[in-house]
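Chain by chain, the residues:
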Amino acid sequence: MASTPRATRENERVAARLSEQQLVGVKYFLLTLNDDAELWDWDFGAWHQPTMGVEFATEQGEVFSATWGEYFNWGFGVDLFDEPMSTHLVPEAAGNWVDVSTHDAWSGLLRTPIDVAFLWNDYGTGQQPCPDALKLSTDPTTAWVITADWQRQNSKTSIQLGADDLLVIFNDKLVEVLGLFDSNRGRTS
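We now turn to the structure provided with this report.

Cut-offs applied
- Residues numbered from 1 in each chain as written.
- Predicted model: local features only at pLDDT ≥ 70, side-chain atom pairs only at ≥ 80, totals over all residues.
- Heavy atoms only, no water.
- Pairing = 2+ DSSP bridges.
- Helix = DSSP H or I, 4+ residues; strand = E, 2+ residues; numbered from the N terminus.
- Axes fitted to C-alpha atoms, helices over the stretch in contact; angles between N-to-C directions.
- Salt bridge = Lys/Arg side-chain N within 4 Å of Asp/Glu carboxyl O.
- Buried < 20%, exposed > 50% of the residue type's maximum accessible area, 1.4 Å probe, protein only.

Points about the pairing of strand 10 (residues 156–169)
Inspection of the sheet shows strand 2 (residues 47–48) paired to strand 10 by two bridges, in the antiparallel sense. Paired with His-48 across the bridge in strand 10 is Val-168. Between strand 9 (residues 142–153) and strand 10, which pair antiparallel and follow one another directly, the connecting turn spans two residues, one of which, Asn-154, has a positive phi of 50 degrees.

Below is the structure:
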């Protein structure tokens with residue numbers, strides 16, 4: 001993934017290009033479990049885990065990709081590119097994907113114009129902000145692509161924001177509970 005922070009204006013430029021387009025395809029790029037190229041599980045009900053990235057194909061034939069990138073002061077953030085995921089992956093990883101276009105969670109976001117926006121956070125420093133989340137929405141469906149990872153220990157599940165992994169969440173309440181809108185994280189709304 002990206003090794004230097006991506007300029008805010010570049011992420012916003014690509015988000016503006018993707019906005020109002022219609023998605024016709026969505027792919028998740030995953031890690032493999034072993035040498036047999038068995039892909040990791042990705043569907044956990046309340047969230048999906050496309051660890052490496054998400055690729056969006058539009059009705060106009062354009063391809064966009066969301067990946068995680070390193071933001072030195074903050075950890076990791078979501079970056080949006082107007083190019084395929086294969087541009088960001090080594091050849092061995094570029095073939096590790098699953099088409100999720102027919103998944104029920106994506107059905108409300110396909111074949112209708114979408115709005116695309118970033119949720120930025122400077123953690124109260126005034127420095128270049130980190131793209132905490134990418135929001136794709138229609139009325140009434142929303143998908144949040146966030147940098148986060150999760151783990152389960154002793155029957156408890158925890159989600160850590162700002163990790164070098166991606167989660168896709170289709171529930172605004174869950175995103176709120178995770179703390180993306182928490183004013184203690186440097187955000188006022």
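Things to note about the sheet that holds strand 3 (residues 53–58)
By definition, the strands of a sheet pair up through backbone hydrogen bonds, in either a parallel or an antiparallel sense. Spatial strand order, 5-4-3-1-6: five strands in an open sheet with antiparallel pairing. The open sheet has two edge strands with one neighbour each: strand 5 (75–81) and strand 6 (97–99). The mean angle between the axes of side-by-side strands here comes to 25 degrees, regardless of whether they run parallel or antiparallel. Bridge count for strand 3 against strand 4 (residues 63–71) is four bridges, and the pairing is antiparallel. Bridge pairing in strand 4 places Phe-56 opposite Phe-64.

Here we look at the pattern of salt bridges
Scanning all chains against the criterion turns up four salt bridges. Among the salt bridges present, the one from Arg-13 reaches Glu-10, with a minimum N-O distance of 3.1 Å. One end of the pair, Arg-13, and the other, Glu-10, are both in helix 1 (residues 8–18), three residues apart, so they sit about a helical turn from each other. Take Arg-13: its relative accessible area is 35%, and that puts it in the partly exposed class. A relative accessible area of 29% places Glu-10 in the partly exposed class. For Glu-62, the salt bridge goes to Arg-17, with nearest N and O atoms at 1.8 Å. Pair noted here: Glu-62 is in the loop between strand 3 and strand 4 and Arg-17 is in helix 1, with a separation of 45 residues, a long-range link. Note on Arg-17: relative accessible area 34%, which makes it partly exposed. Salt bridges linked by common partners bring Glu-10, Arg-13, Arg-17, Glu-62 and Asp-82 together as one network.

Scope: geometric values only; no functional claims are made or implied.
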